[in-house]
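Commentary on secondary and tertiary structure
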Amino acid sequence: MGLGFDPASVALPCGHFIGGRLVPAAGEIDLHRPSDGAAFAACPIAGPDMVDAAVESARKALKDSGWGGTRPRDRVRALHRWADLLDAHAEELGRLEAVASTRPIRDLMGGDLPVTIEQIRFFAEFADKEGGDLVPTADDSLGLIMTEPYGVVGAITPWNFPLSMAAWKLAPALAAGNAVVLKPSEMTPFATLRMAELSVEAGIPAGLVNIVLGDGAITGNALTGHPHVSKVSFTGSTAAGAAIMANIARTGIKPMTLELGGKSPQVVFADADLGLAASCIATSILANAGQACVAGTRLIVAREIAEPLLEKIAARLACIRPGPTWETETAYAPIISERQIGRIESLVGAALSAGAQVRAGGRRLERPGFFYAPTILDHVAPGSPAVIEEIFGPVLTTQTFSDEAEAVALADHPSYGLCAGLYTRDLSRAVRVTRQLQAGTIWVNRYGRSRDHILPTGGYKGSGIGKDLGREAFMANRKAKSVLIGL
């Protein structure tokens, strides 16, 4: 059976999810479908009173249910039931996501949803397998490191991978015994609301998962600055992360996990497998039309192989199948909004004015919606905004190097340090260069996250604080208490 569907047939919820029920609210932010530009819905804005109601709901649910102190295996079972329900409702969730977002339905069903479900199962199993430690002390005392939930976690997720990003926040926080108030992006809230409804159906106590819709200036500030939110977890731009840090500093100190922007290099040495490198680099640019913080958008290549590598990459970028996200055959995503596609055009235009050359693309696609052609910019100056700024679109810049030291110097970004790709057949070089690259994740002879959720993700410099995924994400949702008992 085909996955395609009519977007008009999808009923979109409108409101906030608080205390286990949908709280209807009038839409205030007009939304346009990226695939065709049509206005199709509106998103409400939760003010401080609504955020307060959600936080109080979370606090009450924690107290009444005893979620944080219940047998950990009970949390495991509830989270697995939730994953089962998400699997059973996968097509419904995929349609809700595809209408509003940039994610084609076939990518959602084949990638995003299975990953989301598996992330919840992965973190569920930490609930009864990670705890405190008995630590060595003198024989006349007993030293313990106890861990316990924070309480209410405030989470904010971006628009580019709404469901999987929600699982990044919800699953470890719930497994660790917390309640969550989550604000999804105002551009893509619908599948996250349904996801929350299914958590209650699965037996997770009502009020432990609350969803408030709105923007960053009003809803986000109210959530991150709320006095009863004990920890904040955010994925989004570096500028927004800095604003959240400032808001927390103004309203009270609390721990935070920030997974922020990136401008990741792809370093290709002369001994690399060029076919493999070209495939990985092209995939990074084509995936979600480059709208991912981990997108490897800076090609740094040995001068002697630059030309054949660029030819291979350009050939792969040319094989795209753009189309509406609700059509089965669509394999290349639209840009999220007219504003974002305008920003891409501006940065590409500035690079061209400064002497860069278009090797491929460099223009909008002539079709309805917000589509931009996969683009390669050659001869780009090191200080060009196209090299320095996170474009968040399908634009690859190219720089060449003559030796290893120059390659590492070009790869080192002044602001970002999220990810990096490295291509070489020389194992010694791979280890040596990996140690020098300033990034939280390094991929060697591949590029992109796998489904190995045990590997944490998070960046250096302006790319963030703390880690999502992995054991680190679970432990980041529990606070440690040192105990020394005299014997």
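The notes below deal with the structure included here. Small disclaimer: the values here were computed from a predicted structure and weren't measured. (Residues numbered from 1 in each chain as written. Predicted model: local features only at pLDDT ≥ 70, side-chain atom pairs only at ≥ 80, totals over all residues. Heavy atoms only, no water.)

Section: the overall build of the protein chain
Definition in use: Helix and strand assignments come from DSSP, with helices taken as H or I runs of at least 4 residues and strands as E runs of at least 2, each series counted from the N terminus. It is over C-alpha atoms that the radius of gyration is taken, and the globule rule equals 2.2 Å times the number of residues to the power 0.38. Each residue gets one of three labels from its accessible area relative to the maximum for its type: buried under 20%, exposed over 50%, partly exposed in between, using a 1.4 Å probe on protein chains only. Should any heavy atoms of two residues lie within 4.5 Å, those residues are considered in contact. Here the Shrake-Rupley method, with its probe set to 1.4 Å, supplies the accessible areas, and only the displayed protein chains count as covering residues. Just so you know, the count uses Lys and Arg for positive and Asp and Glu for negative, and it drops His and the chain ends. Lys charges are placed at NZ, Arg charges at CZ, Asp charges at CG and Glu charges at CD.
Along the protein chain, the regular secondary structure elements total 15 helices and 22 strands. A compact globule built from 487 residues should have a C-alpha radius of gyration of about 23 Å, and the protein chain, at 23 Å, falls within 12% of that. With the principal axes as the frame, the protein chain shows a C-alpha extent of 70 × 65 × 45 Å. A total of 487 residues make up the protein chain; the buried ones form 55% of that total. In the protein chain, of all internal contacts separated by at least 6 residues, the share reaching a separation of at least 24 is 74%. On the protein chain, roughly 18700 Å² of surface is accessible, and the fraction owed to carbon and sulfur atoms is 54%. The centroid of the 46 positive side-chain charges in the protein chain is displaced by 2 Å from the centroid of its 50 negative side-chain charges.

Concerning the packing of aromatic side chains
Keep this limit in mind: By convention, a stacked pair of Phe, Tyr or Trp rings (six-membered ring in the case of Trp) has centres within 6.5 Å and planes under 30 degrees apart, an edge-to-face pair has planes over 60 apart, and any other such pair is tilted.
Scanning all chains against the criterion turns up 8 aromatic pairs. Between F122 and F126, the ring centres sit 5.1 Å apart and the planes meet at 70°, which makes this aromatic pair edge-to-face. Note on accessibility: F122 and F126 belong to one class, buried. Considering the side-chain rings of F126 and F474, the 5.5 Å spacing of their centres and the 20° angle between planes classify their relative orientation as stacked. With F126 in the loop between α4 (105-124) and β5 (133-135) and F474 in helix α15 (residues 470-475), the pair connects residues that are 348 residues apart, well separated along the chain. An identical accessibility class is assigned to F126 and F474; each is buried. Ring pairs connect the aromatic residues F122, F123, F126 and F474, which therefore count as one cluster.

Thoughts on the pairing of strand β15 (residues 375-378)
Spelled out, the test is: Note: two strands are recorded as paired if DSSP finds a minimum of 2 bridges between them.
Side chains of β15 alternate between two faces, with T375 and L377 and I376 and D378 buried alike. Summarising the sheet, strand β14 (residues 357-360) and β15 pair through 3 bridges and their orientation is antiparallel. What sits directly across from Q357, in β15, is D378. With 3 bridges joining them, β15 and strand β16 (residues 395-401) adopt parallel strand pairing. The residue of β16 that forms the bridge with L377 is T397.

Side note on the pattern of salt bridges
Basically, it comes down to this: Criterion for a salt bridge: a side-chain nitrogen of Lys or Arg within 4 Å of a carboxyl oxygen of Asp or Glu.
Within the structure shown, the criterion is met by 28 salt bridges. For the salt bridge of E92 with R194, the shortest nitrogen-to-oxygen distance reads 2.7 Å. Highlighted residues: E92 in helix α3 (residues 90-100) and R194 in helix α6 (residues 190-201), separated in sequence by 102 residues. We note a salt bridge from K481 to E148, for which the minimum N-O separation is 3.4 Å. With a gap of 333 residues between them, K481 in strand β22 (residues 478-486) and E148 in strand β6 (residues 141-149) connect regions that are remote in the sequence. For E148, a relative accessible area of 27% gives the class partly exposed. Residues participating in the shared-partner salt-bridge network are R73, E125, D128 and K129.

Observations concerning the nonpolar core
Soluble globular proteins: nonpolar side chains tend toward being buried together. Quick reminder of the rule: To form a nonpolar core, buried Ala, Val, Leu, Ile, Met, Phe, Trp, Tyr and Cys residues must be joined to one another through side-chain atoms within 4.5 Å.
With 151 residues, the main nonpolar core has W82, L174, V268 and I313 as its most contacted residues. Element by element, the count of residues in this core is highest for helix α5 (residues 162-175), at 10 residues. Excluding residues within four positions of it along the chain, V268 makes contact with L274, A277, I281, L299, I300, V301, A302, I305, L309, F401 and Y423.

Considerations on α5
Rules: In this analysis, the expected span of each helix is defined as 1.5 Å times one less than the number of residues it contains.
In a regular helix each residue adds 1.5 Å, so 14 residues correspond to 20 Å; α5 covers 20 Å between its end C-alpha atoms and thus fits that length. Burial within α5 is extensive, with 14 of its 14 residues counted as buried. The first or second residue beyond α5 is G177, which carries a positive phi of 100°.

Remarks on unusual backbone geometry
Backbone geometry at H379 places phi at a positive 55°, although glycine is not the residue there. Mapping H379 onto the fold places it in the loop between β15 and α12 (385-388). Of note in the backbone geometry, K461 takes a positive phi value of approximately 55° without being a glycine. For K461, the position within the fold is in strand β20 (residues 460-461).

Looking at the sheet that holds β5
This is how the line gets drawn: Axis definition: a line fitted to C-alpha atoms, limited for helices to the stretch in contact. Angles are taken between N-to-C directions and run from 0 to 180 degrees.
A sheet is described by the order of its strands in space; here 3 strands give the open sequence β5-β6-β22, paired in antiparallel fashion. Across the chains shown, the open sheet's two edge strands, defined by having one partner strand only, are β5 and β22. In this sheet, adjacent strand axes meet at a mean angle of 25° when their direction is disregarded. As defined by bridge partners, β6 adjoins β22 across 9 bridges and the pair is classed as antiparallel. Across the sheet, the residue bridging to L142 is I485, located in β22.

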